[in-house]
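Residues per chain are reported as follows:
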Amino acid sequence: MASKVIKIKLANGFECPILGLGTWKSKPGEVTQAVKDAIDVGYRHIDCAFVYGNEKEVGEAITEKIAEGVIKREDLFITSKLWNTFHRPDLVRGALLQTLKNLNLKYLDLYLVHWPQAYKEDGELFPADEAGKIQFSDVDYVDTWKALEPLAKEGLVKSLGISNFNSKQIERLLEHATIKPVMNQVECHPYLSQRRLQEFCEARGIKLTAYSPLGSPDRPWAKPDDPQLMDDPKLKEIANRIGKTVAQVLIRYQIERGNIVIPKSVNKSRIASNFDVFDFKLSPEDVQLINTFDCNGRFVPMTASLGHKYHPFENDEF
Ligand SMILES: NC(=O)C1=CN([C@@H]2O[C@H](COP(=O)(O)OP(=O)(O)OC[C@H]3O[C@@H](n4cnc5c(N)ncnc54)[C@H](OP(=O)(O)O)[C@@H]3O)[C@@H](O)[C@H]2O)C=CC1
Ligand SMILES: CC(=O)C(C)=O
């Protein structure tokens, strides 16, 4: 089946499908089927990360769909991310090779530095002391980036990018980078619209991928009284008025703004309805109205890294 997905041209000439499938929290036992369902419906972009602990099962779905002849490798856009415990330059290549092995791929389309802050390199993904406090490493993300650049030249990744970097960190990275990041993947939805960061990135040839676009209701630290983005009456009003679901409005909100968007689902019918967003548009007035819902509301504040000198949300404005 030909994909309906619009593609966004990246600054280095490669193209990225504007809508992808998120895989954080998708259990190994359910993610293979979810990725297969997504590919059948037309998704061609899958967002992965080593730390999600399910790359192998995502890879099984990709391998199967290629073997069935449903897709070719070059039809897909596969992203993964370098975890915080592998920032030390001598660990970077091994981390990428492990991810490629997990996914059963020869190359990634996009490899992101998952967070600017590094954690202690002692083998644990969340190295904690006896009190449960995460142990930091002071590796500079610029040095990590320098270790990534040769991997792109080697062809192991087509594009390099960042995730959760703030504007100051991007500026500093750009002063040193030989290969420029083409993507910044950040939390983005009506409560955290990231309009300033988007404008900043756009001016520097960096596209934004919106993560947690539906408000991440299954995030592990969610509390019963936390606001639920998809239950927002103002969003429900828009969705009812145009005859779409709130999730479809939230996904389309990113597409109208030119952002890549990666909703997660392991449910076949939600995977399909989240993709069914290419036959309608939100009016500019509705996009503007949704912009007014911004309340600097983060669902993924990464409190475990508070106090790290490179924590992206602690000191800088955006
Ligand atoms: N770079 C980074 O640091 C981060 C990256 N990400 C990436 O972004 C992806 C998406 O973000 P995520 O935080 O997972 O959250 P999302 O905002 O995508 O929300 C996912 C949740 O919404 C539910 N859902 C999906 N579709 C619908 C629908 N149509 N109606 C109602 N509920 C729905 C899912 O349940 P169900 O599965 O049962 O359908 C799940 O509980 C991640 O999976 C990951 O790939 C996310 C956070 C951080
Ligand atoms: C979900 C994710 O990518 C985090 C918390 O880093």
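Residues numbered from 1 in each chain as written. Chains lettered and ligands numbered in written order. Predicted model: local features only at pLDDT ≥ 70, side-chain atom pairs only at ≥ 80, totals over all residues. Heavy atoms only, no water.

The name given to the protein chain in an unreviewed UniProt entry is Aldo-keto reductase family 1 member B1-like isoform X1, with Vanessa tameamea as the source organism.

Q: I'd love a proper account of the nonpolar core, names of residues and values included.
A: Membership of the largest hydrophobic core comes to 94 residues, with the highest contact counts inside it found for Val35, Ile78, Leu108, Tyr111 and Ile170. In this structure Tyr111 touches Ser80, Lys81, Leu82, Ala95, Leu96, Leu148, Val157, Ser159, Leu160 and Gly161, once residues within four positions along its chain are discounted. (Core = buried A, V, L, I, M, F, W, Y, C linked by side-chain atoms within 4.5 Å. Buried < 20%, exposed > 50% of the residue type's maximum accessible area, 1.4 Å probe, protein only. Contact = heavy atoms within 4.5 Å.)

Q: Pulling in residues and values, what's your account of the site of ligand 2?
A: The local shell around ligand 2 consists of Trp24, Tyr52, Trp83, His114 and Trp115. At 2.6 Å, a side-chain N or O of His114 approaches an oxygen atom of ligand 2. Interatomic distance of 2.8 Å between a side-chain N/O atom of Trp115 and an oxygen atom of ligand 2. Taking 220 Å² as the accessible area of ligand 2 by itself, protein coverage stands at 87%. If you map ligand 2 onto the pockets, it falls in the largest pocket. (Near = heavy atom within 4 Å. Polar contact = N/O pair within 3.5 Å; in protein donor to acceptor, adjacent residues only side chain to side chain. Areas by Shrake-Rupley, 256 points an atom, 1.4 Å probe, with all protein chains shown as cover. 1 Å grid on protein atoms, 1.4 Å probe; cavity = no way out; pocket = protein on both sides within 12 Å on 5 of 7 lines; lining within 4 Å. Sits in = over half its atoms within 2 Å of the grid points.)

Q: Requested: an account of the packing of helix H4 (residues 141-153) against helix H5 (residues 167-176), with residues and values cited.
A: Interhelical geometry of H4 versus H5 gives an angle of 45° and a closest axis separation of 10 Å. Judged by the angle between their axes, H4 and H5 are oblique. You can see that H4 and H5 cross each other, and the crossing is right-handed. Along the contact surface, H4 presents Tyr141, Val142, Trp145 and Lys146, while H5 presents Gln169, Arg172, Leu173 and His176. Here the residues of the contact of H4 with H5 are counted per class, giving four nonpolar, two polar and two charged. (Axes fitted to C-alpha atoms, helices over the stretch in contact; angles between N-to-C directions. Helix = DSSP H or I, 4+ residues; strand = E, 2+ residues; numbered from the N terminus. Parallel < 35°, antiparallel > 145°, perpendicular 65-115°, else oblique. Left-handed = near helix turned anticlockwise from the far one by under 90°. Nonpolar A, V, L, I, M, F, W, Y, C, P; charged D, E, K, R; others polar.)

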